[in-house]
Every structure is written in structure tokens, then in C-alpha cells.
Amino acid sequence: MKQYQLTDWLPTTKKETDLRGWDELDVILFSGDAYVDHPSFGAAVIGRILEAQGLRVAIVPQPNWRDDCRDFKKLGRPRLFFGISAGCMDSMVNKYTANKRLRSEDAYTPDGRPDMRPEYPSVVYTQILKKLYPDVPVVLGGIEASMRRLSHYDYWQDKVMRSILCDSGADALIYGMGEKPIVELAQTLQKLKADGQTANFSLSPLNTLPQIAFLTKADQWKEEDSTTIQLFSHEECLSDKKKQAANFRHIEEESNKYEASRITQQVGKQLVVVNPPYPPMSQTELDHSFDLPYTRLPHPKYKNKRIPAYDMIKFSVNVHRGCFGGCAFCTISAHQGKFIVSRSRDSILKEVKEVMQLPDFKGYLSDLGGPSANMYMMHGKDEAVCRKCKRPSCIHPKVCPNLNTDHRPLLDIYHAVDALPGIKKSFIGSGVRYDLLLHESKEPAINRTAQEYTRELIAKHVSGRLKVAPEHTADRVLSVMRKPSFQQFEAFKRLFDRINREENLRQQLIPYFISSHPGCTEEDMAELAVKTKELDFHLEQIQDFTPTPMTVATEAWYTGYHPYTLEPIFSAKTQREKLAQRQFFFWYKPEERRGITDALQRLGRRDLIDKLYGKGNDKPYGKGSDKPYGKGKAKRR
Ligand code: SF4
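All figures in this text were calculated on a predicted structure; none of them were measured in a lab.

What counts and how
All residue numbers refer to position in the chain's written sequence, counted from 1. Selection of residues for local features in this predicted model requires a pLDDT of at least 70, selection of side-chain atom pairs for listing and counting requires 80 or more, and totals for whole chains, interfaces and linings are taken over all residues. Excluded from the side-chain calculations are hydrogens and water; all other atoms, namely the structure's heavy atoms, are used. Strands here mean DSSP runs of E at least two residues long; helices mean DSSP runs of H or I at least four residues long; both are numbered from the N terminus. The quantity called the radius of gyration is restricted to C-alpha atoms. Its globule counterpart is 2.2 Å times the number of residues to the power 0.38. To sort residues, take the accessible area from a 1.4 Å probe on protein chains only and compare it with the maximum for the residue type: under 20% means buried, over 50% means exposed, and anything in between is partly exposed. Contacts are assigned to residue pairs that have any heavy atoms within 4.5 Å of one another. Computed with the Shrake-Rupley method and a 1.4 Å probe, the accessible areas treat only the protein chains shown as cover for residues. Definition of nonpolar core: a set of buried residues of the types Ala, Val, Leu, Ile, Met, Phe, Trp, Tyr and Cys, connected through side-chain atoms within 4.5 Å. Delimitation of the domains relies on an automatic or database domain assignment. Two strands qualify as a pair provided DSSP detects at least 2 bridges between them. All axes here are fitted lines through C-alpha atoms, helices being fitted over the stretch that makes contact, and every angle between N-to-C directions spans 0 to 180 degrees. One speaks of a salt bridge when a side-chain nitrogen belonging to Lys or Arg is within 4 Å of a carboxyl oxygen belonging to Asp or Glu. Each residue is tested against the molecule or strand, and it is near if at least one of its non-hydrogen atoms lies within 4 Å. When residues are sorted by character, Ala, Val, Leu, Ile, Met, Phe, Trp, Tyr, Cys and Pro go into the nonpolar class, Asp, Glu, Lys and Arg into the charged class, and all the rest, Gly among them, into the polar class. Given a helix with a known number of residues, its expected span is that number minus one, times 1.5 Å. The arc in question is the one spanned by the directions pointing from the helix axis to the C-beta atoms. A clockwise course of the path from the first strand over the helix to the second, judged with the strands pointing away from the viewer, identifies a crossover as right-handed. Two aromatic rings, drawn from Phe, Tyr or Trp (for Trp, its six-membered ring), form a pair once their centres lie within 6.5 Å of each other, and the interplanar angle then sorts them: stacked below 30 degrees, edge-to-face above 60, tilted otherwise.

**Q** What should I look at first to understand the overall build of the protein chain in this one?
**A** Check the secondary structure of the protein chain and you find 25 helices and 21 strands. Its C-alpha atoms give the protein chain a radius of gyration of 25 Å, near enough to 26 Å, the size a compact globule of 637 residues would have. Viewed in the frame of its principal axes, the protein chain has a C-alpha envelope of about 85 × 65 × 55 Å. The buried share of the protein chain, reckoned over its 637 residues, is 58%. Across the protein chain, contacts joining residues at least 24 apart in sequence account for 75% of those joining residues at least 6 apart. Accessible surface, the protein chain: about 27,300 Å² in total, of which carbon and sulfur atoms supply 49%.

Right, here's the structure in full:
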């Protein structure tokens, strides 16, 4: 194992900056997460990428915001800017369950302590820094800021909130993956500094930087670009839900386009300006980000403490970024965009070799994946067509004929990794898109490779249980979710079972399902119960839909309109409605039987009672009766 010095991590204290002989910092990053020096942790990535530009960067992880704010003062003022990220997750998703209950554990905090970050750190940290150092620019980044850059529905406060720029007082916000914008922003601020100018984000050259958002005075902003999309104002959205829904379609389309437009939205007398994103990174740029000198370890200050999220990923390697699935409820693909950027084989193998040096590595990689497991190197055959494309998904409602679905490059990666001496097995822990495996391409070679990949995945890369995400059984709900028909799951299950038999394996397929998604009714859940019973599943991985900021499903849930059609859409909203849907996951539990049979009678679906419990068995169990439906275990995810 490599021996590290304290100076191999980015500094977090004055003592550590002194060890490096630094008397001034260029950039200070504040993060809601613990500092894990690993390419899966945003603050480490941004810190390392700025360090590679020759800048002196420090990270203050999980500063104490409750005391005299000494954590915010201990490193003084940076020469260029403060960077703030709430962490790898939106802070409210991190803190609260779908039922709005406080979670008992924070996966991104040492020993899982749940009290180390405030609600909305992007707002809380910025306000403190702006009080202490009003003239130093503050730039927000990370998923919380990214997904709250324009008016958005906040489930925890149950209201439409304005851009987080307004509530925080930050000077600018970077959305999406931050490497390219943060470097250009730092370079621009450096030039301005060298010229003796102050940073004003509503003026050139800062106001033209791609992938940033900033506030300006509405009456002073002169929009010169005729392609700019002006959204309904925040106030219009507050008074008309349909306008909030209509806005979202533009936001999603522009964040997924190769050549996107600028978006503006008025909030009172201010204007939020969101510049279009950078085109997807090149492979060289992505490799550069992953190849930075991460120690891949938590900072030594956390010695002997467990950071649950780090334990999850320490033996895993990410092979690509982006997801073209476009699932309506997913934040990751909304944040990373639909174009896949894949790492080179050399860069992946280099990282695998580094993982192998970790002291407790026993030869098993827990994941070789990405936002989806099997999209590595997939992209449009004719890029010119993709450049003009507005589709939010390349595979829904049908696989795009321009998409190259070749699994060969990914198989080659698996083979190269498995050939490394010291690797006993590489598992695939990321979600597999079985619709891509079942897709019939016009090219027979691609179909043969998909079959080869499927067999190899099931025979060699599953650790006993393969998790897949059909998410529902009703095709109408699946269409709202932008997921494939349930028939595809059934076909994949047959294939999975056959390959297991042929390979003499007894592995399990673990399906994930969601209740109360927009478009889903109680009757849809009743059908789900019947279908999963027919397939002999006692579900483990289930969840109620949680409306997280700025997804198409969230906006549909809140507004009652589908953002793309503006047609009304039903959502279960009250606790009673949600529980009425949820109970159907547990049709096999005796204690749920009364509620289910009552509901089915009310819905006029005695046929489903017969299917679930047998003909004439529509009575709930009385005391002391047998329990022929077994003891199902149900876990929440
Ligand atoms: S043209 Fe097809 S492959 Fe290209 S981005 Fe659009 S949907 Fe995806």
C-alpha cells in the first residue's frame, strides 16, 4: 500500500496550509459532505481540477454553522472565490425520507451522524460567507444548486421556490458536471484580478461563460441573442401551475441539447440568466479528471470513523458519465446529461490498479459501472443528427435508430479488468438497462454481442442477486416514467432464469418498484400486486415516489400537468392515498390482506381478489388462522 503524507490531501486547516508553505489561498471550497479524496466526491473533483491549474485550493468539509462561525474564518479570504457545494445529494433528500421524517443516518458523514449539515447548506454557508467577506465572489455548485437553479417545486416546504441564487445571495452557480466551467471561471477571475477589475457576473466576460447562472437587474439586462428562451416569471408560476409545468419542458430540453439556448427567468425585479452548457467533455478531458492525484481515501482526520457512502464505493470504478435513459424521476441523468462520455481503457485500468493497492482489497471489485451499467461508449451513429436532437431519452419510447447500442467496448473493458492478476471477480452493481440488451438492432453483430454480454453479465459479474429497475408493471405508468414496457422485464426474467439454469447457478433477480408516481392509480398498484405474484416475487426493493427538485416527474406531481403535453395528470398526494398504493407491494403479508381486499371491493375489482387470494377467499384473516402466504421480508430502499 502506498504511504501517504498529510500533504497528499488538499488542506482543510491552517496547519495543513502552513505545511505546504502557503500564506494565501486562491480558492476555498465549503462542502456539506465529509472530504473523501475520491473521484466520486464532488468537492474532491473540483479541488483537484483547480489544483491541476496551479491554484492553491483548500476544502472545509462540513463547517460548523451553529457556533461563532470559526470554520468559515479559519482560512481567511481567498484570492479568487469561495466555492460551495451542499454535497453529493440535495440536502433535503439527504436529510428526510419520502414521508418527510428525519433520516437516522447521513451516508456522507463520518459514522453516519445526521446532524453535521444544515438544511440547504448552499443557502446557509453562502449567507455566512457573504456576511464575513461581502466582496469575495461565492460560486455554488453540486446537485442541490444545479437542480434548484430556476423556479422549482420543493416537496419539503410544499411550495415553488425561486432560484437558489435569490435565497442564497451567491454571485453565480455552476450547473451540471463542474470541471470545465469551474476552470474557465477561475481563469477569467484571475485575468480580471490581474487587470485590477472587480468580478461582476452580469457583465462581460463573466456573463458569457457557459454553464453558469447568475442574477442581474431585469431592467438593465439587454438580451442580444434571439435564440434565448424566456421562461414564465417566478410570480407567474406561483399563480398558474400550468406555467410552471410548461417552463420545465424548456429547462429539460435545453440541458440535454448539444447546442442549447440561454434561458432567462424574471424573479421580481431580478432576472436569472442560465447560460447554455458546454458540449459533452471529450474522453481526454474526462480521463484527465479521473487521473488527478486522488489518494482515494477519506481525509486522515476521519481516522477510525466509518463513512457509509465511501464504504459503498471504495472498491468500485466508474467507467462513464451521463445517461440517455431519461427516466422521469431521476436526478442523476438530469444532472449529468444524456450524452455518454466514456473513459479510455488505460484510465480505467490505471484506477483499478490503484483500487487493488487498498489495504483491505481482497480481489473483488464491487462495481464497474456508471449512472447505468451498460451505456459505455454508446452514442449516436451520426453525430450531426444528435446535435439537433431535443429528445430527453435516446431509448424511450423506442430505441433511437441513430443510437449505437454496441456492448463490445464494455465487454472488452470487463475482459481487460478480469485479466489483471489480483482481480478475482468484478461485479456490476450499477443498474442494468435490460431494454438495451433485448433491443433488436438491424446489425446482427450488435445483437450477437448483446447476447454475449448478457450471458457474461449473468454468469460472471453478478454477486448472487442482480438488481434491475422495471419500476412498475402498468405500461401506462411506465410510459410516464419513460421506462420500457413490463413485457421487456418479463422477457429479461425468462432469459435470466434460462442462463442461470444453463450455467448451473441459482441467482436471484431483484426488481425495484415505485408507488405513487405521477400517472399511477390504486388500480395500477393492484395490477402490480397480481403481476408480481404471478412472477413469484415477494418484493424487497420498493419506494414511494419522492418529488426531488427539477425532474419532470416532480413537476408533473406538483402541478398536475404533464410538462410535455400540458394535459392533466393524476398523482397520489395525501398520506392516505400514498399508503393505499403502497399496501399492494405487500399483498403476501397477512396483515395487509384486509386493506387490500377492502380496496379491491371498493374499486369493483373482485377479479383481482380472486387472483391474489384465490376464488372465494375475499375475507381477511381472522385470529388464529393459518398464514399460507409465507413470511415476506420487505425492505425500504
Ligand atoms: S438522435 Fe438519437 S441517439 Fe442522437 S441524441 Fe437524439 S435520441 Fe439520442
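**Q** What's the story with the nonpolar core in this structure? I'm lost.
**A** Across soluble globular proteins, nonpolar side chains have a tendency to be buried as a group. In this structure, Leu50 and Leu368 are the most contacted members of the largest nonpolar core, which totals 169 residues. Inspection of this core shows a minimum of three residues originating in each of domain 1 (6-198) and domain 2 (464-637). The residues touching Leu368, leaving out its near neighbours within four places in the chain, are Val317, Val319, Ile348, Val352, Tyr414, Val417, Ser426, Phe427 and Ile428. Counting residues in each nonpolar core, the second largest holds ten residues, with Met375, Cys394, Ile395 and Val399 among its members.

**Q** Is there a simple way to explain helix H16 (residues 408-418) in this structure?
**A** The periodicity of an α-helix, 3.6 residues per turn, causes residues three or four positions apart to be oriented the same way. Among all positions of H16, only Leu410, Leu411, Ile413, Tyr414, Ala416 and Val417 are buried. Tucked inside the fold, the buried residues of H16 contact helix H14 (345-356), strand E15 (364-365), strand E16 (367-369), strand E17 (425-426) and helix H18 (444-460).

**Q** Explanation requested: the sheet that holds strand E11 (residues 270-274) in the structure shown.
**A** Strand pairing in a sheet relies on backbone hydrogen bonds. The paired strands run either parallel or antiparallel. On the basis of which strands lie adjacent, the open sheet formed by nine strands has the order E2-E1-E3-E4-E7-E8-E11-E10-E9 and mixed pairing. Edge positions in the sheet fall to strand E2 (57-61) and strand E9 (229-230), since each has one partner strand and no second. Note that strand E7 (residues 172-174) and strand E8 (residues 212-217) share three bridges and pair antiparallel. By the bridge assignment for E8, Leu173 is matched with Ala213. Packed on one face of the sheet, helix H5 (residues 121-132) meets strand E1 (27-31), strand E3 (81-85) and strand E4 (138-141) and runs near 160° to E3.

**Q** Could you clarify how one ought to interpret the pattern of salt bridges in this entry?
**A** Two side chains bearing opposite charge may form a pair once their charged atoms approach each other closely. Counting across every chain of the model gives 47 salt bridges. One network of salt bridges, with partners in common, ties together Arg20, Asp37, Arg48 and Glu51.

**Q** Before we go on, may I ask you to explain the site of the ligand in this structure?
**A** Around the ligand sit Lys338, Phe339, Val385, Cys386, Cys389, Arg391, Cys394, Cys400 and Asn402, and those are all the residues in its vicinity. Of the residues that constitute the shell around the ligand, the class distribution is six nonpolar, one polar and two charged.

**Q** Any chance you could explain helix H24 (residues 590-602) here in plain terms?
**A** Taking 1.5 Å as the rise per residue, H24 with 13 residues should run 18 Å; its terminal C-alpha atoms sit 19 Å apart, in good agreement. Residues of H24 that are buried include every one of Pro590, Arg593, Ile596, Thr597, Ala599 and Leu600, and no others. End-on, the buried residues of H24 take up no more than an arc of 165°, which puts them together on one face. Facing away from the buried side of H24 by more than 90 degrees, the exposed set consists of Glu591, Arg594 and Arg602. Packed against the buried residues of H24 are helix H21 (522-534) and helix H25 (606-613). One or two steps after H24, the chain reaches Gly604, where phi turns positive at roughly 70°.

**Q** When you look at the pairing of strand E20 (residues 541-544) in this model, what are you seeing that I'm missing?
**A** For a regular strand, the rule is simple: side chains alternate between the two faces of the sheet. As judged from the four bridges shared by strand E19 (residues 508-515) and E20, these two strands associate in the parallel manner. Across the sheet, residue Ile514 finds its bridge partner in E20, namely Gln543. With H21 bridging E19 and the parallel E20, this β-α-β connection has right-handed handedness.

**Q** How should the packing of aromatic side chains be read in this particular structure?
**A** Aromatic rings considered in pairs are described by the distance between their centres and by the relative angle of their planes. On inspection of all chains with the given rule, the structure shows 22 aromatic pairs. Each ring, one from Phe214 and one from Trp221, has its centre 5.8 Å from the other, and the planes form 65°; the classification is edge-to-face. Note on accessibility: Phe214 and Trp221 belong to one class, buried. Pairing Tyr364 with Phe427 gives two aromatic rings, centres 6.3 Å apart and planes at 10°, and the pair type is stacked. Pair noted here: Tyr364 is in strand E15 and Phe427 is in the loop between E17 and helix H17 (434-438), with a separation of 63 residues, a long-range link.

**Q** Is there a simple way to think about unusual backbone geometry in this case?
**A** In most cases, non-glycine residues show a negative phi, while peptide bonds are predominantly trans. For the bond running from Ser204 to Pro205, omega is 5°, close enough to zero to count as cis. Between His396 and Pro397 the backbone carries a cis peptide bond, its omega angle lying at 5°. As for its position among the elements, Pro397 is in the loop between helix H15 (383-387) and H16. Positive phi is not limited to glycine here, since Gln62 has a value of about 45°. Take Gln62: it is sitting in the loop between E2 and helix H3 (70-73).

**Q** I'm lost on the pairing of E1 in this one. Help?
**A** Taken across its five residues, E1 has five buried, putting it largely inside the fold. Across the two faces of E1 the burial is the same, with Val27, Leu29 and Ser31 and Ile28 and Phe30 all buried. With five bridges connecting them, E1 and E3 associate as parallel partners. From the neighbouring strand, Ile28 faces E3, where its bridge partner is Phe82. One ladder, built from five bridges, connects E1 with E2; its direction is parallel. From the neighbouring strand, Val27 faces E2, where its bridge partner is Val57. Traced from E1 through helix H2 (residues 42-51) to E2, the parallel crossover comes out right-handed.

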